[in-house]
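# Overview (structure and organization)
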Amino acid sequence: MGSEHLSPRAAIGLGSNLGDRKRTLAAAIAGLEAFGEVTAVSPLYETAPVGGPDQGPYLNAVVVIATALGPSDLLDGLLDLERVMGRERRERWGPRTLDLDLLLFGDRVIDEPGLAVPHPRLSERRFVLQPLVDAWPDAALPDGTAAADLLPAVAGQEAALAADGEWWRPPDPARVLETPAPRFSAEEAADLAGECFGISGSAEPLVGERDRNFRLTGPDGRFVLKIANRASDPLLLDLQQAGLEYLAAADPGLAVPRPVRAVDDARVAAAERDGGPVSLLLQTHLDGERLPDGHSTPASRDALGALLARLDLALTGFAHPGAVRVDLWDVARLPALRPWAGHLPPERRRVVLDEIDRFEVEVRPRLGASRRQVIHSDANPANLLTRPGDPD
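All of the points below concern the structure found in this document. (Residues numbered from 1 in each chain as written. Predicted model: local features only at pLDDT ≥ 70, side-chain atom pairs only at ≥ 80, totals over all residues. Heavy atoms only, no water.)

## A look at helix α7 (residues 298-314)
Taking 1.5 Å per residue, 17 residues should reach 24 Å; α7 reaches 24 Å between its end C-alpha atoms and fits that length. Along α7, the residues that are buried comprise Ser 300, Leu 311, Asp 312 and Ala 314. Projected onto a plane normal to the axis of α7, the buried residues spread over an arc of 155° and lie on a single side. Those residues of α7 that are exposed and angled more than 90 degrees off the buried face are Pro 298, Asp 302 and Leu 313. Each element contacted by the buried residues of α7 is listed here: α6 (234-250). (Helix = DSSP H or I, 4+ residues; strand = E, 2+ residues; numbered from the N terminus. Expected span 1.5 Å × (residues − 1). Buried < 20%, exposed > 50% of the residue type's maximum accessible area, 1.4 Å probe, protein only. Arc of directions from axis to C-beta. Contact = heavy atoms within 4.5 Å.)

## Concerning the environment of Leu 150
Residue placement: Leu 150 occurs in the loop between α3 (126-135) and β8 (160-163). Along the sequence, Leu 150 and Val 38 sit 112 residues apart, while their C-alpha atoms lie 24 Å from each other. Residue contacts for Leu 150: discarding those within four places in its chain leaves Ser 123, Leu 129, Leu 141 and Thr 145.

## Some remarks on helix α1 (residues 21-32)
For α1, built from 12 residues, the straight-helix expectation of 16 Å at 1.5 Å per residue is met to within 8% by its first-to-last C-alpha distance of 17 Å. Counted residue by residue, α1 has 10 buried out of 12 residues, so it is predominantly covered. For α1, the full list of buried residues reads Arg 23, Thr 24, Leu 25, Ala 26, Ala 27, Ala 28, Ile 29, Ala 30, Gly 31 and Leu 32. Residues of α1 that are buried sit in contact with β1 (9-16), β2 (37-41), β3 (44-47), β4 (58-66), α2 (71-84) and α6.

## Considerations on the pairing of strand β13 (residues 269-273)
The pairing of β13 with strand β14 (residues 276-284) spans five bridges and is antiparallel. In the sheet register, Ala 270 faces β14, and the bridge partner there is Ser 279. Turn length for the β13-β14 hairpin, with the two strands adjacent in sequence and antiparallel, is two residues, and the turn residue Asp 274 shows positive phi of about 55°. (Pairing = 2+ DSSP bridges.)

## Some details on a negative patch on the surface
Together, Glu 187, Glu 188, Asp 191 and Asp 274 line one region of the surface with negative charge. Note that Asp 191 resides in helix α5 (residues 186-197). (Patch = residues over 30% accessible without salt bridge, like charges linked within 9 Å, V, L, I, M, F, W, Y side chains within 5 Å. Areas by Shrake-Rupley, 256 points an atom, 1.4 Å probe, with all protein chains shown as cover. Salt bridge = Lys/Arg side-chain N within 4 Å of Asp/Glu carboxyl O. Lys, Arg positive; Asp, Glu negative; His and termini not counted. Charge placed at Lys NZ, Arg CZ, Asp CG, Glu CD.)

## Section: the pairing of β4
Within β4, nine of the nine residues are buried, leaving the element largely enclosed by the surrounding structure. Across eight bridges, the pairing between β1 and β4 is antiparallel. The residue of β4 that forms the bridge with Gly 15 is Asn 60. Pairing of β2 with β4 involves four bridges; the strand directions are antiparallel. What sits directly across from Ala 40, in β4, is Val 64. Examined bridge by bridge, β3 and β4 share three bridges and lie antiparallel to one another. Bridged to Tyr 45 within β4 is Asn 60.

## Observations concerning the pattern of salt bridges
A complete count under the given rule lists 22 salt bridges for this structure. Residues Glu 46 and Arg 21 are paired through a salt bridge, measuring 2.9 Å at the closest nitrogen-oxygen approach. With Glu 46 in strand β3 and Arg 21 in helix α1, this pair connects stretches of sequence that are 25 residues apart. With relative accessibility at 31%, the residue Glu 46 sits in the partly exposed group. When salt bridges with common partners are traced through the structure, they connect Asp 238, Glu 245, Arg 261, Asp 265 and Arg 267 into a single cluster.

## Considering unusual backbone geometry
Following Val 117, the chain continues to Pro 118 via a peptide bond in cis, the omega torsion being 0°. Checked against the element boundaries, Pro 118 lands in the loop between β7 (115-117) and α3. Even without a glycine there, the phi angle at Asp 265 is positive, about 70°. Turning to its location among the elements, Asp 265 is positioned in the loop between β12 (259-260) and β13.

## Overview of the side chain of Ser 42
By the element assignment, Ser 42 lies in the loop between β2 and β3. In contact with Ser 42, not counting residues within four places along its chain, are Ala 61, Val 62, Pro 131, Asp 134, Ala 135 and Trp 167.

## Quick word on the nonpolar core
Among the nonpolar cores identified, the biggest contains 48 residues, and Phe 35, Leu 74, Leu 102 and Trp 167 are the most heavily contacted of them. When residues of this core are assigned to their parent elements, the largest contribution, six residues, is made by α1. Not counting the four nearest positions on each side in its chain, Leu 74 is found in contact with Ala 10, Phe 35, Ile 65, Thr 67, Leu 69, Leu 102 and Phe 105. Formed by 22 residues, the second largest nonpolar core is a distinct cluster that contains Leu 192, Cys 196, Ala 203 and Val 260. (Core = buried A, V, L, I, M, F, W, Y, C linked by side-chain atoms within 4.5 Å.)

That's the geometry; what it means functionally is another story.
Shown next as structure tokens:
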């Protein structure tokens with residue numbers, strides 16, 4: 001199927017001047033894939049802020065998508081994506097984690113409360129026009145004016161090229177599964193805990209899938225130290241700790257670990273070892289026993305359902321730039337599997353491709369217009385603890 005069956009094309013302006021700006025914009029582009037097919041991404045430009053209080057420079061880009069959503073639903077989705085990624089609207093033209101503007105929607109002219117297309121200031125700002133023309137060279141306003149013909153009037157405005165090529169491609173999520181866990185002894189782990197967190201004690205190894213984990217026991221209590229896989233995305237590590245901090249404030253009685261900040265108040269500590277950077281997370285230790293494999297009773301299912309409902313309710317309103325990302329298991333990205341259908345036998349290939357087509361037509365438009373929030377979606381036995389002797 002693909003973009004030729006999805007119309008019209010929409011141009012979306014992106015901007016950020018807080019935090020890891022480039023990483024935030026790349027994550028936002030991953031989030032835009034929920035609204036349609038990303039057909040073009042501009043180079044990245046650094047620009048001075050226009051209006052508002054004193055603030056740092058912006059990174060700006062434009063993305064073109066082919067979408068089955070209507071303009072109002074698309075705008076609602078953009079606003080929701082801003083919120084999930086940490087946008088806070090405190091003052092007009094103030095600094096922001098993420099700004100998403102609907103610039104063009106095919107050849108439509110829209111003038112409704114809260115929605116004006118083309119964007120009213122599109123022709124006045126080079127940081128919008130330049131990336132728009134880069135991503136969509138033949139873009140035109142509804143009156144037929146070519147966007148490229150508007151560029152000379154704003155040529156005096158500064159817009160420095162910050163990155164080109166596929167700058168927006170996120171880290172390969174499979175890399176962390178292919179990269180071995182870092183090698184550290186218990187003694188080295190204890191030294192790192194003291195250096196980075198000011199926590200003293202003895203360390204003993206714990207089982208881990210992709211990180212090197214230790215239980216620390218000392219005068220300050222018991223903790224779990226995670227020495228992160230070197231292929232881990234730093235933004236996602238910060239997301240984990242930020243989420244736990246949010247839960248501690250939203251529902252203090254939840255039986256989840258409490259994050260411990262580093263001596264420099266960072267959520268994720270950084271150290272140098274073996275000639276390279278190491279990222280570390282520290283959390284309080286939870287006592288309990290692993291849920292036995294295969295254990296499933298009405299009582300245990302009820303307890304688990306109630307826990308997940310409480311946990312996800314407590315996460316309501318949590319926002320973070322790392323909350324939107326490319327995930328190998330994200331059903332919203334089903335169309336990305338289309339190229340792999342060639343590995344299937346012909347009779348099964350047709351079934352899979354038909355389902356992907358149906359998803360693009362029937363499901364993705366509804367997903368794009370749906371509410372979203374961070375939830376816990378991996379409550380498998382390896383991630384659950386029960387009271388000793390009481391798996392229910």
